[in-house]
There are 2 protein chains.
Amino acid sequence: MSSYTTFQRSFETFLQEHPFHFEPRSLYEPIDYIMGMGGKRLRPVLALWGCQLFRDDYEKALPVAMAIEVFHNFSLLHDDIMDEAPLRRGKPTVHSLYGINTGILSGDAMLIYAYDFLRQIEEPSAISALLEAFNRVAIEVCEGQQYDIDFENRQDVSIPEYLRMIELKTAALIGGSLEMGAIAAGAAPGAAGSLAAFGRNIGLAFQLQDDNLDTFGDPAKVGKKTGGDIARNKKTFLILKAMELAGPETRGQLEKLMTTVPEDEAGKIEAVTAILNSLNIKTFAEEAMEGFLQRAFEHLAAVPAPGNRKEGLRQLALGLMQRQA
Amino acid sequence: MSSYTTFQRSFETFLQEHPFHFEPRSLYEPIDYIMGMGGKRLRPVLALWGCQLFRDDYEKALPVAMAIEVFHNFSLLHDDIMDEAPLRRGKPTVHSLYGINTGILSGDAMLIYAYDFLRQIEEPSAISALLEAFNRVAIEVCEGQQYDIDFENRQDVSIPEYLRMIELKTAALIGGSLEMGAIAAGAAPGAAGSLAAFGRNIGLAFQLQDDNLDTFGDPAKVGKKTGGDIARNKKTFLILKAMELAGPETRGQLEKLMTTVPEDEAGKIEAVTAILNSLNIKTFAEEAMEGFLQRAFEHLAAVPAPGNRKEGLRQLALGLMQRQA
């Protein structure tokens, strides 16, 4: 059994042993619903992995893994309300099933429960460091979401600003999951910090690959239609890079295309993709991804943990990058 | 200068020294706005008071007081979204000024910052106990809010259910404020628990008095129109007690009145108030308040702190009860 599968099963067992079977059901049923939706459980797996780098009994990080997964699902729940998203993982979102008010309140309760799982960590000495890391990352996720909202109404977003936004919104929690697992293991601040930097750069590469796949992926392999970001006028790395490289005329075309919602969605996606191809944008995105991966592995090399355990994490990162490509 | 004023000023100074001057402003400006709205600062004052019962340097509880006030304002912010309230303390609510999405997200950030203030408490040994108390109370507030929402669509709410709802939604945090102040002072669990029970009963009495004033208060003294609860069909203690005591005919009238929103609001308020008066409901509410006050003082008597310091708290409770009556 792979390490990923081992950690994932261990987490799923913990999750099943901790259902939100409290009253009133109207508050807790939506929490059981979203926590039971499944998914890869990437963040809790990383938390357990971050612990296991430093000690065998990785199970001691299970409450931390749970805190992180509850927090992640809280942020998905509230984001779905803000995005008015009807579906997540092919199922109705919480607010479309239970209403917006319950969605807000159940999300609030989840955030509090995340802290309550954090509190269950055995060493009292670790709680302070865990709280510091958790708060820092949680705030970053909120700030990233706010930048994402703000960028929708701005036409002058720069690539560094975009990268900072996805770092806050997505990559910080990937890094934080590994970091908090390491803290739960009793790792030194420097070691936990290097691991966090590894995860943060992996998260950035991961998000750039998401951007790439959304436009250039094979729908059969990615499992969803391509062009969604273009249709919704999302200013991803691809669009921002194209804006930077294009001549005035092409740039004007792209700006016009990316501010309208035409009836002919397929035609718009085709036109934008053609511009991206003419500027060789896919290669630029891949180079940027490579850069983040490189930096990630440099940080991993600095983590004072057994080489064979770190190798597993390196393989995981490479595997994540090869998914659906 | 009274103790209340001393604690309030001390808190206001701390608040001014900790503005939310972070980026992006679109996330933090709404937080500065709601935190600057003022109010009596009852909960942070109680936290400082709970600390000062056991030691002179009550300032050590300032981060706890701040955590509680930030949490309280977070819950007001999200409640206002759920209630679609346009105004709070005579000013536009956050979501009506900045939009619902920012309201949700700024509230989320506030909840995280509340934990970050909690973390700033000096003794690491106190953090675990503070987290336990804070999480317990914060979850109770969410549960109380959910019961309040659920009760809107139920016609069979009992008085014990109503009292439990207001205990969770309002009284738990009043008790928790005193309790967490005591924990920050290093008080023993039993002492902090008795103080929490005092506050919880005061909170219950306080809410029943709110119910009473909303219907029977002198508008000139209360500072707002009376009858708001009746107009909005709120099933407060007064209505539930009347339902319990009324004969079938009056009960039928009351049920009908309290499920409709007629054009003649003033006529409806008058009719319901007449029924309440005919059943002597005000006296029943006052007796219930008296009962909670009595129990509160019994718990206060059990708190192992100097009598003169406890006397200040007793006077505060009596003062709160006499407001606007």
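A brief report on the enclosed structure follows. (Residues numbered from 1 in each chain as written. Chains lettered and ligands numbered in written order. Predicted model: local features only at pLDDT ≥ 70, side-chain atom pairs only at ≥ 80, totals over all residues. Heavy atoms only, no water.)

**Describing the environment of N153 of chain B**
Residue and element names in this part refer to chain B. For N153, the position within the fold is in the loop between α7 (124-152) and α8 (159-184). By relative accessible area, which is 67% here, N153 ends up exposed. Distance from N153 to E17, taken between C-alpha atoms, is 44 Å for residues 136 residues apart in sequence. (Helix = DSSP H or I, 4+ residues; strand = E, 2+ residues; numbered from the N terminus. Buried < 20%, exposed > 50% of the residue type's maximum accessible area, 1.4 Å probe, protein only.)

**Details of helix α6 (residues 100-118) of chain B**
The first and last C-alpha atoms of α6 of chain B sit 27 Å apart over 19 residues, in line with the 27 Å expected at 1.5 Å per residue. Taking burial as the measure, the 19 residues of α6 of chain B include 17 buried ones, the bulk of the element. (Expected span 1.5 Å × (residues − 1).)

**Structural notes on the relation of the copies chain B and chain A**
Aligned on chain A, chain B shows an RMSD of 0.0 Å; the corresponding rotation is 180° and the shift along the axis is 0.0 Å. One copy is carried onto the other by what is essentially a two-fold rotation axis. Looking at the interface residues of chain B, 100% of them are also at the interface in chain A, so both copies use one shared face. (Least-squares fit on C-alpha atoms with pLDDT ≥ 70 in both. Contact = heavy atoms within 4.5 Å.)

**Some points on helix α16 (residues 307-322) of chain B**
All names here are of chain B. Its 16 residues place the ends of α16 22 Å apart at the C-alpha level, agreeing with the 22 Å of an ideal helix rising 1.5 Å per residue. Of all the positions in α16, only K310, L313, L316, A317, L320 and M321 are classed as buried. All buried residues of α16 lie within an arc of 135° about the axis, which places them on one face of the element. The exposed set on the far side of α16, more than 90 degrees from its buried face, consists of N308 and Q322. Tucked into the core, α16 has its buried residues touching α1 (3-17), α3 (42-52), α8, α9 (189-216) and α15 (281-301). (Arc of directions from axis to C-beta.)

**Here's the deal with unusual backbone geometry**
Omega for the peptide link from E23 of chain A to P24 of chain A comes to -5°, which places this bond in the cis form. For P24 of chain A, the position within the fold is in the loop between α1 (3-17) and α2 (25-35). Backbone geometry places N280 of chain A, a non-glycine residue, at a positive phi of 65°. Checked against the element boundaries, N280 of chain A lands in the loop between α14 (265-278) and α15 (281-301). Even without being a glycine, R41 of chain B presents a positive backbone phi close to 55°. Within the secondary structure layout, R41 of chain B lies in the loop between α2 (25-35) and α3.

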